[in-house]
Amino acid sequence: MTSPTSLAFTLVITGAPYSSQAPQTALSFAQAVIAEGHSIDRVFLYGDGVHLASALSTPPSDETNWSLAWAEFLIEHGIPGVACIASALRRGVLNSEEQQRYERSAANLVTPYQLLGLGEWVESIASTSKTLYFHGEH
Amino acid sequence: MKTLHIVNKSPEQARFGRCLAAFDRDDQLLLTENAVIAAGVASLELPTHCFALEADLKARGLTSGASVVSIDYNGMVKLTVEADRVICW
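Quick caveat, the model's predicted, so the values are computed rather than measured.

A. Highlighting the side chain of Ser54(A). Residues and elements named next belong to chain A. By the secondary structure assignment, Ser54 is in the loop between strand S2 (39–45) and helix H2 (66–77). At 3.3 Å, the side chain of Ser54 forms a polar contact with the side chain of Asn108. Apart from residues lying up to four places away in sequence, Ser54 is in contact with Ser67, Val93, Asn108 and Val110.

Following this line, the structure appears as structure tokens:
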């Protein structure tokens, strides 16, 4: 489906939902990337951005659930989502493997995210055409 | 080499000033999120090739004025595709 002029993007989100606009801006941008006929290689969550991968985020029903909105977008378009494992563990975002390893009471990593190291990030940046960062306010 | 600078910090933040300081004459500036406030600050001198996200202007009750071109997210994608490199401040 890609035309010769289509590019592949890597998006890195470092701003948290509800305390920054980063996940919102990044999602609108990502939707436009697809609409313009380009593709997205991977979406990385780093630093406070990993809060986007928490399944326990429960905003009021009349507000957008950014965790859910992003997860649905990634699944719909088959885009791999990666949360930095070092950022995630510190902020209480765990998959079942890490839950067992550290004997915590719950796992809360949203499908389809994976917890991976920074090697994945380096690899993606090296092979992608454009990398964009969506930062918080600081 | 044409660089697209994307800044999301409000104009009073140090990083906004650093972005302008790193700006080359042929570069492009895209204001997003709280940075669009700069489009409404008359005393602030913005570069010639300056864009602002329309949704963020609207959300803050601002209009872009004569020197800033207001664009949507598709326009933002086009700017990033056309740029040789992109810096997100």
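B. Expanded view of the pairing of strand S3 (residues 50–53) of chain B. All names here are of chain B. Side chains of S3 alternate between two faces, with Cys50 and Ala52 and Phe51 and Leu53 buried alike. In this sheet, S3 lies alongside strand S2 (residues 28–31) in parallel orientation, the contact comprising 3 bridges. Across the sheet, the residue bridging to Leu30 is Phe51, located in S3. Following the backbone out of S3, through helix H2 (residues 54–59) and into the adjacent parallel strand S4 (residues 69–71), one traces a crossover that is right-handed.

C. Quick look at the sheet that holds S3(B). All names here are of chain B. Pairing is parallel across the open sheet formed by 5 strands, whose spatial order is S4-S3-S2-S1-S5. Sheet topology places S4 and strand S5 (85–88) at the edges, where each strand pairs with a single neighbour. Strand-to-strand twist across the sheet, computed as the mean angle between neighbouring axes with direction ignored, equals 25°. Relative to S4, S3 runs parallel, the two being bridged by 3 bridges. What sits directly across from Phe51, in S4, is Val69. Where helix H3 (residues 73–82) meets the sheet, its contacts fall on strand S1 (3–7), S2, S3, S4 and S5, and the angle it forms with S1 comes to roughly 140°.

D. Region of the structure containing the state of the cysteines. Residues and elements named next belong to chain B. One pass over the structure, following the stated rule, counts 0 disulfides over all chains. Distance from the sulfur of Cys50, which forms no disulfide, to the nearest cysteine sulfur (Cys19) is 9.3 Å. Assessed through its relative accessible area of 1%, Cys50 is described here as buried. As a non-bridged cysteine, Cys88 has Cys19 as the owner of its nearest cysteine sulfur, 10 Å distant.

E. A look at the pattern of salt bridges. Residue and element names in this part refer to chain A. Using the criterion set out here, one finds 7 salt bridges over all chains in the structure. Across the pair Arg101 and Glu97 runs a salt bridge, and its minimum N-O distance is 3.6 Å. Note that Arg101 and Glu97 are positioned in helix H4 (residues 96–102) at a spacing of 4 residues, about one turn of the helix. Neither Arg101 nor Glu97 differs from the other in exposure class; each is exposed. Measuring nitrogen to oxygen at the nearest pair gives 3.0 Å for the salt bridge that ties Glu98 to Arg101. Placement of the pair is Glu98 and Arg101 together in helix H4, with a separation of 3 residues, close to one helical turn. Given the relative accessible area of 4%, Glu98 is considered buried. Assessed through its relative accessible area of 51%, Arg101 is described here as exposed. Three or more residues joined by partner-sharing salt bridges are found here, namely Arg42, Glu120 and Glu123.

F. Inspection of the packing of helix H1 (residues 22–35) of chain A against H3(B) at higher detail. At their nearest, the axes of H1(A) and H3(B) sit 8 Å apart, and the two run at 75° to each other. For the element pair H1(A) / H3(B), the angle class is roughly perpendicular. Of the residues in H3(B), those touching H1(A) at Thr25(A), Ser28(A), Phe29(A), Ala32(A), Val33(A) and Ala35(A) are Tyr73(B), Asn74(B), Met76(B), Val77(B) and Thr80(B). Grouping the constituent residues of the contact of H1(A) with H3(B) by class yields 7 nonpolar, 4 polar and no charged.

G. Representation of the sheet that holds S2(A). Spatially, S4-S3-S2-S1-S5 (chain A) is the arrangement adopted by the 5 strands of the open sheet, whose pairing is parallel. Because the sheet does not close on itself, it has two edges, and the strands there are strand S4 (113–116) and strand S5 (130–134) of chain A. Looking at each pair of strands side by side, their axes are set apart by 25° on average, direction ignored. This element, H3(B), spans strand S1 (8–13) and S5 of chain A of the sheet and lies at about 130° to S5(A).

H. A look at the interface of chain A and chain B. With 20 residues of chain A at the contact, the number on the chain B side is 20 residues. The junction of chain A with chain B conceals about 1700 Å² of combined surface from both sides, 55% of it contributed by carbon and sulfur atoms. On inspection of chain A and its partner chain B, the count reaches 1 salt bridge. Of the charged contacts in the structure, one is a salt bridge between Lys78(B) and Glu36(A), with a shortest N-O distance of 3.7 Å. Between chain A and chain B we count 11 residue pairs in polar contact (both at pLDDT 80 or more) in total. The dominant element in the side of chain A that touches chain B, judged by the number of residues it contributes, is H1(A), at 7 residues. When its residues are assigned to classes, the side of chain A that touches chain B shows 10 nonpolar, 7 polar and 3 charged.

Definitions and limits used
- Residues numbered from 1 in each chain as written.
- Chains lettered and ligands numbered in written order.
- Predicted model: local features only at pLDDT ≥ 70, side-chain atom pairs only at ≥ 80, totals over all residues.
- Heavy atoms only, no water.
- Helix = DSSP H or I, 4+ residues; strand = E, 2+ residues; numbered from the N terminus.
- Polar contact = N/O pair within 3.5 Å; in protein donor to acceptor, adjacent residues only side chain to side chain.
- Contact = heavy atoms within 4.5 Å.
- Buried < 20%, exposed > 50% of the residue type's maximum accessible area, 1.4 Å probe, protein only.
- Pairing = 2+ DSSP bridges.
- Right-handed = clockwise from strand over helix to strand, strands pointing away.
- Axes fitted to C-alpha atoms, helices over the stretch in contact; angles between N-to-C directions.
- Disulfide = S-S within 2.5 Å.
- Salt bridge = Lys/Arg side-chain N within 4 Å of Asp/Glu carboxyl O.
- Parallel < 35°, antiparallel > 145°, perpendicular 65-115°, else oblique.
- Nonpolar A, V, L, I, M, F, W, Y, C, P; charged D, E, K, R; others polar.
- Buried area = accessible area lost by both parts, 1.4 Å probe.

So, to be careful, I would describe these as geometric facts and stop short of saying anything about function.
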